[in-house]
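# Breakdown of the fold
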There are 2 protein chains.
Amino acid sequence: MPDLRRDPIVGRWVIIATERARRPSDMQRTAPAPQGGLCPFDPGNEGMTPREVYVAGRPPSAPPNAPGWKVRVVPNRFPALKIEGELDRQAEGIYDRMNGIGAHEVIVETPDHDRAMEDLTPAELTEVLFAFKARILDLRNDLRFKYILLFKNHGHLAGASLEHAHSQLIALPVVPRQVIEEIEGARRHFDLKERCIFCDIVGQERKERARLVLENDEFVVFAPWAPRSPFETWIMPKRHQSNYEAEPKERLALCAEALGSTLRRLGGALGKPAYNFMVHSNPLRDAQSPSYHWHIEVMPALTQVAGFEWGSGFHINPVPPEEAAEFLRKVPG
Amino acid sequence: MPDLRRDPIVGRWVIIATERARRPSDMQRTAPAPQGGLCPFDPGNEGMTPREVYVAGRPPSAPPNAPGWKVRVVPNRFPALKIEGELDRQAEGIYDRMNGIGAHEVIVETPDHDRAMEDLTPAELTEVLFAFKARILDLRNDLRFKYILLFKNHGHLAGASLEHAHSQLIALPVVPRQVIEEIEGARRHFDLKERCIFCDIVGQERKERARLVLENDEFVVFAPWAPRSPFETWIMPKRHQSNYEAEPKERLALCAEALGSTLRRLGGALGKPAYNFMVHSNPLRDAQSPSYHWHIEVMPALTQVAGFEWGSGFHINPVPPEEAAEFLRKVPG
């Protein structure tokens with residue numbers, strides 16, 4: 001069972017997931033071995049993964065865990081957290097721990113081994129974003145979970161261990177501090193101004209345009225004012241909405257359009273970089289919030305977290321967001 | 001002039017340091033080119049660096065910026081922050097910025113190009129730790145600075161761009177959030193218990209011994225309860241002390257003994273890994289604090305920050321600290 005441990009000084013939780021462990025002598029970071037053999041995400045290899053929990057594109061009458069799907073969601077074979085059990089919060093002297101309860105799932109974005117997320121058509125990418133929503137709606141019924149983080153690691157330098165296009169979700173028994181900080185910061189702004197700070201940001205970015213990358217009827221894409229890494233790019237709904245899972249499919253289609261274009265622009269500007277993206281949404285089962293606003297943060301993996309960043313929480317970024325946005329506006333999306 | 005920008009939602013500061021910029025097409029992360037040519041930190045090449053601000057080992061009568069030194073501190077040639085100017089805090093719509101004022105210095109740890117920090121004798125390493133103190137005592141006279149972060153990036157995977165053994169310091173016009181979180185967390189514990197939480201941790205680690213790596217008369221080395229990365233290791237004075245610069249040289253000598261042994265053990269256990277370390281101390285000119293306690297955090301660069309870590313602030317660690325400590329106890333230090 002993985003262990004969730006809380007740092008006693010700053011309250012940061014860490015997942016000690018020994019079943020993902022390697023021997024100390026294997027810990028050196030090296031390029032992944034070329035993936036000889038079978039890809040567990042290819043059609044026909046469905047038996048190599050745990051049984052699917054969601055599928056799009058296969059007729060309901062067809063047998064599960066077989067080809068014919070367009071998007072397929074399966075539990076992670078090497079989960080960071082385990083789905084069965086109780087939290088069992090305990091003290092160990094001055095320290096706190098609980099069992100590593102949670103869900104860890106993989107969203108296989110396409111049956112085609114050779115297509116990346118940015119190669120998907122808007123309709124195909126819409127099905128991926130709809131699968132995100134469907135998994136939130138299912139998992140939020142489990143009252144042990146407080147938050148679901150949806151994210152993507154693309155490329156070895158961004159932490160991906162498999163090439164086949166996939167995103168991931170981790171359902172957590174606590175709301176992660178990164179999200180709490182956003183929620184609390186947004187609430188302070190709301191208390192002061194009675195406005196959503198994300199709506200204010202959308203307003204200023206659309207007016208100033210210096211950091212704007214693109215917009216459509218429902219979404220705006222821009223380089224944030226204080227980006228942690230070069231070419232960090234945020235995708236935000238123009239209309240106020242705190243909960244990702246509340247978006248109807250028609251709006252997710254416009255989000256897919258914006259996300260696909262963003263990834264193609266980053267690919268064109270930076271030569272198909274490794275990247276991460278994270279979906280930040282309101283905690284599970286929280287009602288609509290007037291102060292919080294869901295969004296996607298895309299981070300190309302171009303710089304390293306080093307001593308200064310670890311020790312300060314500051315980031316050093318050599319590329320102003322205005323320059324990054326200008327570059328991204330010019331390349332084809 | 002670098003730009004310090006504050007994220008409007010969570011308050012995180014980012015340094016936009018354009019003079020360190022490369023073209024977007026150069027942004028791909030690759031191994032560094034082999035360092036042909038001259039090393040700016042080798043004796044005889046003192047003219048390749050900015051003029052030294054501190055030196056150990058050279059007689060006062062000898063000319064500066066010439067060989068004969070044992071430790072040499074120089075301003076960084078490509079500083080993240082600039083020493084001249086005023087902060088000039090400004091609003092830009094809803095956003096906040098100030099000039100990137102600060103100091104960025106390099107501590108060259110040895111004249112010998114081929115020796116790493118862990119190869120230094122205890123006496124040599126003591127001179128390095130004393131140089132850290134001397135620079136804090138000098139820079140704290142500049143009232144624009146609120147904090148000095150001392151850190152080391154060793155190896156390419158940990159963000160080092162030069163091989164020659166060196167540490168760095170960055171003097172900042174704001175106290176970084178990572179430190180504020182520690183100070184505030186420690187103060188909450190003190191308010192509740194009237195004890196320093198770091199002293200409590202030292203007590204529990206020395207008693208339990210499961211995470212203990214080594215100790216000497218003044219310092220204890222252990223794997224923390226909730227490590228962010230495999231083999232993260234903390235070095236902490238046993239006696240309560242909030243301010244690094246208040247330590248007399250005799251105690252820094254025992255810190256050097258503990259640090260050298262820690263680095264050699266990590267090198268033996270993990271095959272000379274890239275690593276970072278950070279010195280966390282009380283903010284500049286703050287009086288002795290009963291609740292805060294300086295320490296060094298050593299982090300081997302073994303895992304990658306990926307989507308889940310960026311999005312949640314959680315870390316996933318496959319190696320329990322008890323296993324890491326047992327391993328580190330067994331290898332020669």
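Residues numbered from 1 in each chain as written. Chains lettered and ligands numbered in written order. Predicted model: local features only at pLDDT ≥ 70, side-chain atom pairs only at ≥ 80, totals over all residues. Heavy atoms only, no water.

For chain A, an unreviewed UniProt entry supplies the name Galactose-1-phosphate uridylyltransferase and the organism Anaeromyxobacter dehalogenans.

### Some thoughts on the sheet that holds strand S13 (residues 275–280) of chain A
Residue and element names in this part refer to chain A. Our working definition: At least two bridges found by DSSP between two strands are what make those strands a pair. Here a helix means four or more residues in a row that DSSP labels H or I, a strand means two or more in a row labelled E, and each is numbered from the N terminus. All axes are obtained by fitting lines to C-alpha atoms, using only the stretch in contact for helices, and the reported angles, taken between N-to-C directions, cover 0 to 180 degrees. In what follows, residue pairs with any heavy atoms lying within 4.5 Å of each other are defined as contacts.
The strand order across the open sheet built from 10 strands is S3-S4-S7-S9-S8-S13-S14-S12-S11-S10, with neighbouring strands paired in antiparallel fashion. Each edge of the open sheet is held by one strand with a lone partner, namely strand S3 (54–56) and strand S10 (212–215). Sheet twist, expressed as the mean angle between neighbouring strand axes with direction ignored, is 20°. Bridge analysis of strand S12 (residues 233–237) against strand S14 (residues 295–300) gives three bridges, and the strand direction is antiparallel. By the bridge assignment for S14, Ile235 is matched with Ile296. Of the strands in this sheet, S3, strand S4 (71–75), strand S7 (103–108), strand S8 (147–154), strand S9 (166–172) and S13 are in contact with helix H1 (residues 122–139), which crosses S7 at around 160°.

### Section: unusual backbone geometry
Spelled out, the test is: Note on classification: 1.4 Å probe, protein chains only; a residue is buried when its accessible area is under 20% of the maximum for its type, exposed when over 50%, partly exposed between these limits.
Here the phi dihedral of Arg285 of chain A falls at roughly 65°; this positive angle occurs in a residue that is not glycine. Taking the relative accessible area as the measure of exposure, Arg285 of chain A reaches 35% and is therefore partly exposed. The residue Arg209 of chain B is not glycine, and still its phi comes out positive at about 65°.

### Describing the interface of chain A and chain B
To keep things clear, this is the line we draw: Accessible surface is computed with a 1.4 Å probe, and the buried area is the amount of it that two parts give up when combined, taken over both parts together. What makes a salt bridge here is a side-chain nitrogen of Lys or Arg within 4 Å of a carboxyl oxygen of Asp or Glu, nothing more. Polar contact is defined as a pair of N or O atoms within 3.5 Å, subject to the rule that within protein one atom must be able to donate a hydrogen and the other to accept it, and that residues adjacent in sequence are counted only when both atoms are side-chain atoms.
If you look at the interface, chain A gives 89 residues, while chain B gives 89 residues. Here chain A and chain B share an interface that buries about 8400 Å² over both sides, 65% of which is from carbon and sulfur atoms. At the junction of chain A and chain B, the tally comes to four salt bridges. In this structure, the connection of chain A to chain B is made through 32 residue pairs in polar contact (both at pLDDT 80 or more).

### Considerations on the packing of aromatic side chains
To be explicit about the condition: Paired rings are identified among Phe, Tyr and Trp, the last through its six-membered ring, by centres lying within 6.5 Å, and are further divided according to the angle between planes into stacked (under 30 degrees), edge-to-face (over 60) and tilted (the rest). Whether a charge sits over a ring comes down to the Lys NZ or Arg CZ being within 6 Å of the ring centre and within 35 degrees of the ring normal.
Using the criterion set out here, one finds 18 aromatic pairs over all chains in the structure. On the basis of an interplanar angle of 5° and a centroid distance of 4.9 Å, the ring pair of Trp225 of chain A and Tyr95 of chain B is categorised as stacked. Placement of Trp225 of chain A in the loop between strand S11 (219–222) and S12 and of Tyr95 of chain B in strand S6 (residues 95–99) is noted, with the two residues assigned to different chains. Summarising the aromatic geometry, the rings of Phe231 of chain A and Phe327 of chain A are spaced 6.2 Å apart at their centres and angled 90° between planes, so their arrangement reads as edge-to-face. On the criterion of sequence distance, the pair formed by Phe231 of chain A in the loop between S11 and S12 and Phe327 of chain A in helix H6 (residues 321–330) is long-range, its members being 96 residues apart. Phe231 of chain A sits in the buried class, given a relative accessible area of 2%. Owing to a relative accessible area of 33%, Phe327 of chain A belongs among the partly exposed residues under this scheme. An aromatic cluster is defined as three or more aromatic residues linked by ring pairs; in this entry it consists of Phe132, Phe219, Tyr244 and Trp294 of chain A. The ring of Trp225 of chain B carries the charged tip of Arg5 of chain A above its face, separated from the ring centre by 4.1 Å.

### Here we look at the packing of helix H4 (residues 249–270) of chain B against helix H6 (residues 321–330) of chain B
All names here are of chain B. As a reminder, the rule being used: Each angle is binned into one of four classes, with values under 35 degrees roughly parallel, values over 145 roughly antiparallel, values of 65 to 115 roughly perpendicular, and all other values oblique. Under the scheme applied, nonpolar residues are Ala, Val, Leu, Ile, Met, Phe, Trp, Tyr, Cys and Pro; charged residues are Asp, Glu, Lys and Arg; polar residues are all the others, including Gly.
Interaxial distance between H4 and H6 falls to 9 Å at its minimum, and their mutual angle equals 105°. Considering the angle they form, H4 stands roughly perpendicular to H6. Seen from H4, the contacting residues are Arg265, Leu266 and Ala269; seen from H6, they are Phe327, Leu328 and Arg329. Grouping the amino acids of the contact of H4 with H6 by side-chain chemistry returns four nonpolar, no polar and two charged.

### A short note on the environment of Gly68 of chain B
Residue and element names in this part refer to chain B. Structurally, Gly68 can be placed in the loop between strand S3 (54–56) and strand S4 (71–75). Separated by 108 residues in the primary sequence, Gly68 and Pro176 place their C-alpha atoms 36 Å from one another. The contact partners of Gly68, leaving out residues within four places of it in the chain, are Gly57 and Arg58.

### Looking at the domain arrangement of chain A
Residue and element names in this part refer to chain A. Using the following cut-off: An automatic or database domain assignment provides the domain bounds reported here.
Splitting chain A by domain gives domain 1 (3–20 + 39–172) and domain 2 (177–330). Relative placement of domain 1 and domain 2: their C-alpha centres are 22 Å apart. The largest contributions to the domain 1 side of the interface with domain 2 come from Glu118, Leu129 and Tyr147, which together make up 24% of the buried area. One can count two salt bridges joining domain 1 with domain 2.

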